[in-house]
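So the chains spell out like this:
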Amino acid sequence: MTPVDPLELNRVLVDVLKVKRTPIAITYCRDAAPAGYEPAQVVACGIVREAESGRRIYVDAKHHDCYVGLWHLGLLPKAAPLITEGEYLTMAQGFFTPEAAKRNKAQSERLPDGSIVALAAAPLNDVPAGVQIDSVICVTDALHAMQIAGAASVREGTFPIGEVGPSACASIFATPMNKQNSVFATGDGGGRMHNKLLPGELFVTIPAHHFQHVLDLVANFRFDPAKMRELIMPSHAPQQAE
């Protein structure tokens, strides 16, 4: 995989694709949090919003404010059924049935226990030299989510994964890593609230091996509507002389 300049990727996302909210660089810390990052007592998914404000932060087993996020990050291996079977979903809200809550957790992705010691986030244009960027998260509208998450689909034919239902921390952190694929997701109510998503906004996570596809999509972008209609719509095909 050819390394991609994070500043160039940020430029393309912000200046060319017009992503309005700050793209966030995510680092899966296998040994320790990066130097220059501060611990944060926030929900795991909330590090996206915190990093958008300019912070370099991380959550780990000691610094966090959500057991659900910790469970999906593989940082809470001995979690109780309250979390693992979704009991919390029925205890504080009325629309989940116990069976649906249990299946929600069973079908949601989580990182393997102990695979990371912390999850770090920083603005994509402010990542210290030497810090590995494992994925980039953007909060954007459906049109730009289609383009960014779908970049790999037009460069190598890999469709992105779309998720509606799982917790945001599962969709934007665990699924991209476990499936090694780009993801677009609505996130859950809490994830959307903590990250202040507008009704029409989605989360998009791009793993590092898809970064180049975003750059290539933009560099090679060309679309001729008239030619497309001519090729696939009989009503627009050139008339043949009788």
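None of these values were measured; they are calculated from a predicted model.

### A look at the overall build of the protein
Stage number 1. Secondary structure summary: the protein contains twelve helices and eight strands in total.
Stage number 2. The dimensions of the protein, computed from C-alpha atoms along their principal axes, are 75 × 45 × 30 Å.
Stage number 3. Residues classed as buried in the protein amount to 46% of the 242 residues present.
Stage number 4. For the protein, long-range pairs separated by at least 24 residues make up 68% of all intrachain contacts whose partners lie at least 6 apart in sequence.
Stage number 5. Approximately 12500 Å² of the protein is accessible, and the part contributed by carbon and sulfur atoms is 56%.
Stage number 6. The distance from the centre of the 21 positive side-chain charges to the centre of the 25 negative ones in the protein is 2 Å.

### What about the layout of surface pockets?
Stage number 1. Volume-wise, the largest pocket comes out at about 470 Å³.
Stage number 2. Lining of the largest pocket is provided by 23 residues; of these, Y88, L89, S167, D188 and G190 occupy positions nearest its centre.
Stage number 3. Looking at the lining of the largest pocket, the elements that each hand over two or more residues are helix 3 (67-72), helix 5 (87-91), helix 9 (168-179) and helix 10 (189-194).
Stage number 4. At five residues, the largest contribution of residues to the lining of the largest pocket is made by helix 10.
Stage number 5. In terms of residue class, the lining of the largest pocket is built from 13 nonpolar, nine polar and one charged.
Stage number 6. Taken as a whole, the second largest pocket encloses approximately 290 Å³ of empty space.
Stage number 7. The wall of the second largest pocket is formed by 19 residues, among which P3, V4, I133, A208 and F211 lie closest to the centre.
Stage number 8. Across the lining of the second largest pocket, the residue classes break down as 14 nonpolar, three polar and two charged.

### Remarks on the pattern of salt bridges
Stage number 1. Under the defined criterion, the tally for this structure stands at eleven salt bridges.
Stage number 2. With a closest N to O distance of 2.8 Å, R11 and E8 form a salt bridge. Of this pair, R11 and E8 both sit in helix 1 (residues 6-16), three residues apart, which is roughly one turn of the helix.
Stage number 3. The closest approach of N and O atoms between R21 and E52, which form a salt bridge, is 2.8 Å. On the criterion of sequence distance, the pair formed by R21 in the loop between helix 1 and strand 1 (24-29) and E52 in helix 2 (residues 47-52) is long-range, its members being 31 residues apart. Neither R21 nor E52 differs from the other in exposure class; each is buried.
Stage number 4. If you follow the salt bridges from partner to partner, you end up with R21, R49, E52 and E201 in one network.

### Focus on the pairing of strand 5 (residues 135-141)
Stage number 1. Burial analysis of strand 5 places six of its seven residues in the buried class, the great majority of the element.
Stage number 2. As paired elements, strand 5 and strand 8 (residues 201-207) share seven bridges and run antiparallel to each other. Paired with V136 across the strands is I206, a residue of strand 8.

### Description of the packing of aromatic side chains
Stage number 1. Applying the stated rule across the entire model yields one aromatic pair.
Stage number 2. Note on F95 and F96: the rings are 5.7 Å apart at their centroids and 40° apart in plane angle, and the pair reads as tilted.
Stage number 3. The side chain of R110 reaches across the aromatic face of W71, ending 3.4 Å from its centre.

### Side note on the nonpolar core
Stage number 1. Ranked by size, the top nonpolar core spans 34 residues in total, and within it I26, I47, L73, L119 and F173 carry the most contacts.
Stage number 2. Every element with two or more residues in this core is listed here: strand 1, helix 2, strand 3 (57-60), helix 3, strand 4 (118-123), strand 5 and helix 9.
Stage number 3. Considering every element that reaches this core, the biggest residue donor is helix 9, with five residues.
Stage number 4. Apart from the residues within four sequence positions on either side, I26 is in contact with I47, L119, A120, A121, Q132, I133, D134, S135, I137 and F173.
Stage number 5. Listed in part, the 31 residues of the second largest apolar core include V4, L9, C29 and L124.

Parameters and conventions
- Residues numbered from 1 in each chain as written.
- Predicted model: local features only at pLDDT ≥ 70, side-chain atom pairs only at ≥ 80, totals over all residues.
- Heavy atoms only, no water.
- Helix = DSSP H or I, 4+ residues; strand = E, 2+ residues; numbered from the N terminus.
- Buried < 20%, exposed > 50% of the residue type's maximum accessible area, 1.4 Å probe, protein only.
- Contact = heavy atoms within 4.5 Å.
- Areas by Shrake-Rupley, 256 points an atom, 1.4 Å probe, with all protein chains shown as cover.
- Lys, Arg positive; Asp, Glu negative; His and termini not counted.
- Charge placed at Lys NZ, Arg CZ, Asp CG, Glu CD.
- 1 Å grid on protein atoms, 1.4 Å probe; cavity = no way out; pocket = protein on both sides within 12 Å on 5 of 7 lines; lining within 4 Å.
- Points joined across faces, edges and corners; volume = space filled by probe spheres on them.
- Nonpolar A, V, L, I, M, F, W, Y, C, P; charged D, E, K, R; others polar.
- Salt bridge = Lys/Arg side-chain N within 4 Å of Asp/Glu carboxyl O.
- Pairing = 2+ DSSP bridges.
- Phe/Tyr/Trp six-rings, centres within 6.5 Å; stacked < 30°, edge-to-face > 60°.
- Lys NZ or Arg CZ within 6 Å of the ring centre and 35° of its normal.
- Core = buried A, V, L, I, M, F, W, Y, C linked by side-chain atoms within 4.5 Å.

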